[in-house]
Structures are given as structure tokens and as C-alpha cells.
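Chain and residue survey
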Amino acid sequence: MQAVTVTAEGGEGGFWATAAPIIPHPLEFFFGLACFAILYYVVKTKVVPRLEQIYAERTAAIEGGMNKAEEAQAQAQAALEQYQAQLVEARSEAARIREDAKAQGAQIIAEMREHAASEAARITETAHKQIEAERQQAVVSLRSDVGRISTDLASRIVGESLHDETRQKGIVERFLAELESGDVVREKVGGRAGSQGGDA
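Residues numbered from 1 in each chain as written. Predicted model: local features only at pLDDT ≥ 70, side-chain atom pairs only at ≥ 80, totals over all residues. Heavy atoms only, no water.

With an unreviewed UniProt entry as reference, the chain is termed ATP synthase subunit b, source organism Terrabacter terrigena.

This is the structure:
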């Protein structure tokens, strides 16, 4: 019995010992399969989700950075367009202000010229009126002086007082009217005196 047992044990050990090296022992095979299953479960439930999460986070970060860059570029483009629009508006506003200034300057110059012309016309008219008034005053004064001198001379020539106011006024006015119209008849004093002496 003992010999058979030993032979059987020796025969079993001899089979796995003489078998091909690529064929695993059943215990090793099942132990390795169990370890692979455990490792597969751990990788599937712990490692892969974590890797997928990290990949998703990095993808989101990259996409977010790209979106932020695109947004920043869009904002910069919008700011550039706004600046250009403001620059064009400022240039047009400056041109309009220059045109308005030119128009206002021309209008002010025209108003000043018109005011100066009207002021010159007013001053000229005032001067003419003043000259006319002074001329009229001089004519009145001259008439008064001429009337007085004429009355004195006539009184001396005629020998009669002509200083009566009504008489003097009538004589003077008639004389000046004849003088202005040119109807005064010039006579020599000597001839008139001789005729007066012959009449006497």
C-alpha cells in the first residue's frame, strides 16, 4: 500500500514536472485568474473613472480656455470696432464743428459789417441832420444879421426909421426872397440920389 501510494504521488508529481512549461498549474491558473479579476474590478471601478474625470476636466479646461480666448478676441474686436466708430464720429464731429465755426465766423463778420454799415449810415445821417440844422440856424442868424444891417443902412439912406418890427420883418423877408430868386434890381447909389434930387 505504501508503495502504491508513493508511486501514485510520484506519478502525479512527475506529470506536472514533465509537462510543458507553458501549461500552468491549476492552482496557479485559478489564483492568477482571481487576481486578474480583482485587478480588473479595481481598475474599472476606481482608476478608469478617475482617469475619465481628469480627462474630462482637462478637456473642459482646454475648451474653456479656448472659449475664453475666443471671447477675449471677440471683445477686443468689438472694442476695436467701437474705437474706430468713435474715431470716425469724433472726426465727423470735429469737421462739423469746424464748418459751424466757419459759418458762425462768416455770420459774425457779416453782422459786424452790417452793423458797421448801419452805424456809419446813422452817423452820416446824424451828421447831415446836424449840418442841416446848423445851416438852418446859420441862415436864420444870417437873415437876422442881414435884416438888421439892411435896416440900419436903409434907415440911414432913407432917413426914416425902419426899426418897426412888422415893417422890418416884411421888408427883410421881401428883400431876401428877391435876393434868393435873383429879382433884385441893382441900382447905383449916385443915380438914385440924383433922381431923388430931380424929383425934389
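**Points about the overall build of the chain**
The secondary structure content of the chain amounts to four helices and zero strands. Listing every helix and strand of the chain by position from the N terminus yields α-α-α-α. When the 200 residues of the chain are sorted by exposure, 3% land in the buried category. In the form shown here, the chain has an accessible surface area of approximately 17,400 Å², with 61% of it arising from carbon and sulfur atoms. (Helix = DSSP H or I, 4+ residues; strand = E, 2+ residues; numbered from the N terminus. Buried < 20%, exposed > 50% of the residue type's maximum accessible area, 1.4 Å probe, protein only. Areas by Shrake-Rupley, 256 points an atom, 1.4 Å probe, with all protein chains shown as cover.)

**Side note on the UniProt feature "coiled-coil region" (unreviewed entry) in the chain**
Within this numbering scheme, the UniProt entry marks residues 62–100 as carrying the feature "coiled-coil region" (unreviewed entry). When the span residues 62–100 is considered, its composition is 100% helix and 0% strand, and the gap between its end C-alpha atoms is 55 Å. (UniProt positions renumbered as here; feature names shortened; annotations may be inferred.)

**What about the pattern of salt bridges?**
Here the structure, examined in full by the defined rule, presents five salt bridges. Residue Arg96 pairs with Asp100 through a salt bridge whose shortest N-O separation is 2.9 Å. Of this pair, Arg96 and Asp100 are both found in helix α2 (residues 26–158), four residues apart, which corresponds to roughly one turn of the helix. A residue is classified by how much of its surface remains accessible, and Asp100, at 33% relative accessible area, is partly exposed. Ionic pairing is found between Arg135 and Glu132, a salt bridge with its closest N-O pair at 2.8 Å. Note that Arg135 and Glu132 are positioned in helix α2 at a spacing of three residues, about one turn of the helix. (Salt bridge = Lys/Arg side-chain N within 4 Å of Asp/Glu carboxyl O.)

**Structural notes on the packing of aromatic side chains**
By the definition in use, this model includes two aromatic pairs. The interplanar angle of 70° and the centroid separation of 5.5 Å between the aromatic rings of Phe29 and Phe30 together place this pair among those described as edge-to-face. Classification of Phe29 by relative accessible area gives partly exposed; the value is 43%. With centroids separated by 6.5 Å and ring planes inclined at 25°, the aromatic side chains of Phe36 and Tyr40 adopt a geometry described as stacked. In this pair, Phe36 and Tyr40 are both assigned in helix α2, four residues apart and thus about one turn of the helix distant. One exposure class covers both Phe36 and Tyr40, and it is exposed. (Phe/Tyr/Trp six-rings, centres within 6.5 Å; stacked < 30°, edge-to-face > 60°.)

**What to know about the confidence of the model for the chain**
Note that predicted coordinates carrying low pLDDT should not be read in detail. Looking at the chain, pLDDT values average 75 and 68% of them are 70 or higher. Considering only residues more than four positions removed or in separate chains, one finds that residues 187–198, a stretch of pLDDT under 50, has one contact. (pLDDT = per-residue confidence, 0-100. Contact = heavy atoms within 4.5 Å.)

**Regarding a nonpolar patch on the surface**
On the surface, Ile38, Leu39, Tyr41, Val42, Val43, Val47, Val48 and Leu51 cluster together into a nonpolar patch covering about 700 Å² of accessible area. Tracing the backbone shows Tyr41 in helix α2. (Patch = residues over 30% accessible without salt bridge, like charges linked within 9 Å, V, L, I, M, F, W, Y side chains within 5 Å.)

**Quick word on the environment of Thr126**
The residue Thr126 is located in helix α2 in this model. In terms of polar contacts, Thr126 uses its side chain to reach the backbone carbonyl oxygen of Arg122, at 2.7 Å. (Polar contact = N/O pair within 3.5 Å; in protein donor to acceptor, adjacent residues only side chain to side chain.)

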